[in-house]
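An overview of the molecular structure
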Amino acid sequence: MTVKGTRTGAAGLRFAPPRSTSSEQIAMEIRRYVVQQGLRPDDRLGTENELAAEFGVSRPTLREALRLLASSHLVRTTRGRGGGVFVASTQNEGVGRNLSESIATMLETDSISLRELVDARILLEAPLAGLAAQNATERTAVELEAAIAEARGNHPASDEFRLADARFHRTIATAAGNELLHAFTSWTLDVLQPLLIARIGDTIDGDAILHQHRNIVRAVRRGHPAGAQRAMRRHLEYVRDRIGEVGGERGT
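Quick look at the structure, then. Just so we're clear, the structure is a prediction, and the values are computed from it rather than from any experiment. Throughout this description, residue numbers start from 1 for each chain and increase along the sequence as written. Only residues with pLDDT of at least 70 are given local features in this predicted model, and only at 80 or more are side-chain atom pairs given and counted; all residues enter the totals for whole chains, interfaces and linings. No hydrogens and no water enter the side-chain calculation; it runs on all heavy atoms of the structure.

Quick look at the nonpolar core
Generally speaking, a soluble globular protein has its nonpolar side chains buried in company with each other. Nonpolar cores were defined as sets of buried Ala, Val, Leu, Ile, Met, Phe, Trp, Tyr and Cys residues, with membership established by side-chain atoms within 4.5 Å. Between buried and exposed lies partly exposed: a residue is buried under 20% and exposed over 50% of the maximum accessible area for its type, with that area taken using a 1.4 Å probe on protein chains only. One finds Phe168 and Ile172 to be the most contacted residues of the largest nonpolar core, which totals 40 residues. Numbering of helices and strands runs from the N terminus; a helix is a DSSP stretch of H or I covering at least four residues, while a strand is a stretch of E covering at least two. For this core, the secondary-structure elements that each account for two or more residues are α4 (91–108), α5 (114–135), α6 (138–151), α7 (159–176), α9 (186–200), α10 (206–221) and α11 (225–246). Contacts are assigned to residue pairs with any non-hydrogen atoms lying within 4.5 Å of each other. Ignoring anything within four residues of it in the chain, the contact list for Phe168 reads Leu144, Ala147, Ile148, His213, Ile216 and Val217. Membership of the second largest hydrophobic core comes to 20 residues, among which are Ala27, Ile30, Leu62 and Val87.

So this is what it looks like as structure tokens:
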């Protein structure tokens, strides 16, 4: 079978023999293989029949392992000609998606407030800004400034402003160079940001946001971690204060 990213061992086997034939062990071995081979979304792992034969297990056992992986958004299965089992997302992307779904549920059930989420965001993103200042290149500063330019002239509650703001924060997270922290912050753009815009967009001063972003860029460009952390903290504290102004801090 030809599979993108496949590198077989001396015995011609892709997967190390699992310690048992349980679905959990098989799922763990597939997860390990995807990470070690550096497979990307849409890379093909094979058909259910082929994978079951490689592991020496029944198709129901293999399907249960795939179900476990699919619940973490790591694989997807398609039917028909050209179908099979494919990588759906990387491990870090899967972690981020699961976290986003969990936080969305917490908001829907009023078990957490917007203010609590912004407090958590401050604790995550201020250090990320510091790491970005340590690791950023000139290209990073150019991308941050491009995001600011995209937002300029748009109302803070508009999709154009929201998307540009998301691009700014995503660039900071990427520049930080810590994949796990990047995964942990994905919920801020997937869940929190759209809700914040809907709730407090009309109370936000767009010029103030862009001024705060420029302060972050200045510290990043200068390679000043402490300054970047302070600037990011002040920016997110401004957002948190707007929540207090509109009241009704519970999620929905």
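Digging into the sheet that holds strand β3 (residues 84–87)
One open sheet holds the three strands; their spatial order is β1-β3-β2, and the pairing between them is antiparallel. A strand with exactly one partner marks an edge of an open sheet, and here the two such strands are β1 (44–46) and β2 (75–78). Neighbour-to-neighbour, the strand axes of this sheet turn through a mean angle of 30°, independent of strand direction. A pair of strands is labelled paired if DSSP reports no fewer than 2 bridges between them. Angular values range over 0 to 180 degrees, each being the angle between N-to-C directions of two axes fitted as lines to C-alpha atoms, with helices fitted over their stretch in contact.

Topic: the packing of aromatic side chains
Pairing of aromatic rings covers Phe, Tyr and Trp, the last counted by its six-membered ring, and requires centre-to-centre distances within 6.5 Å; plane angles under 30 degrees mean stacked, over 60 mean edge-to-face, and any other angle means tilted. Under the counting rule described, the total for this entry stands at zero aromatic pairs. When the ring centre of Tyr238 is taken as origin, the NZ or CZ atom of Arg242, which lies over that ring, is 4.2 Å away. Geometrically, a lysine NZ or arginine CZ counts as sitting over a ring once it is within 6 Å of the ring centre and also within 35 degrees of the ring normal.

Details of the pairing of β3
Side-chain direction in a regular strand flips from residue to residue, so the side chains alternate between the two faces of the sheet. Looking at chain direction, β1 and β3 are connected through two bridges and run antiparallel. The residue of β3 that forms the bridge with Gly46 is Val85. Summarising the sheet, β2 and β3 pair through four bridges and their orientation is antiparallel. Pairing of Thr78 across the sheet is with Gly84, part of β3. Where β2 hands over to β3, the hairpin turn is made up of five residues, of which Gly80 adopts a positive phi near 85°.

So, the packing of α6 against α10
Packing of α6 against α10 leaves a shortest axis separation of 10 Å and a crossing angle of 175°. Viewed along their axes, α6 and α10 adopt a mutual orientation that is roughly antiparallel. Within the contact between the two elements, α6 uses Glu138, Ala141, Leu144, Glu145, Ile148 and Ala151 and α10 uses Leu210, His213, Arg214, Val217, Val220 and Arg221. Gly is placed with the polar residues, together with every amino acid not listed as nonpolar (Ala, Val, Leu, Ile, Met, Phe, Trp, Tyr, Cys and Pro) or charged (Asp, Glu, Lys and Arg). Looking at the contact of α6 with α10 residue by residue, the classes come out as seven nonpolar, one polar and four charged. Oblique is the label for any angle not under 35 degrees, not over 145, and not in the 65 to 115 range, which are roughly parallel, roughly antiparallel and roughly perpendicular in turn.

Here we look at the environment of His155
Mapped onto the secondary structure, His155 falls in the loop between α6 and α7. For the pair His155 and Gly206, spaced 51 residues apart in the sequence, the C-alpha separation amounts to 6.7 Å. With residues up to four places along the chain from it excluded, the contact list for His155 reads Phe161, Gly201 and Asp202. Nitrogen and oxygen atoms within 3.5 Å of one another constitute a polar contact, given that in protein one can donate a hydrogen and the other can accept it, and given that sequence-neighbouring residues count only through two side-chain atoms. At 2.9 Å, the side chain of His155 forms a polar contact with the backbone nitrogen of Ala157.

Quick word on unusual backbone geometry
Backbone geometry follows two general trends: most residues other than glycine have a negative phi, and most peptide bonds adopt the trans configuration. The phi dihedral of Asp42 falls on the positive side, at around 85°, and the residue is not glycine. With respect to the helices and strands, the residue Asp42 is situated in the loop between α1 (23–36) and β1. Of the residues examined, Asp42 reaches a relative accessible area of 51% and is grouped as exposed. Although it is not a glycine, Asp110 adopts a positive phi angle of roughly 55°. Along the chain, Asp110 falls in the loop between α4 and α5. You can call Asp110 partly exposed: its relative accessible area is 37%.

Focus on the pattern of salt bridges
Each salt bridge in this description consists of a side-chain nitrogen of Lys or Arg and a carboxyl oxygen of Asp or Glu lying within 4 Å of one another. What the rule picks out here adds up to 15 salt bridges. Arg76 is the salt-bridge partner of Asp42, the closest N and O atoms lying 2.6 Å from each other. Placement of Asp42 in the loop between α1 and β1 and of Arg76 in strand β2 is noted, with a sequence separation of 34 residues between them. For Glu48, the salt bridge goes to Arg59, with nearest N and O atoms at 3.1 Å. Remark: Arg59 occurs in helix α3 (residues 59–71) and Glu48 occurs in helix α2 (residues 48–55); sequence separation between them is eleven residues. The structure contains a network of salt bridges with shared partners spanning Glu48, Arg59, Arg63 and Arg79.

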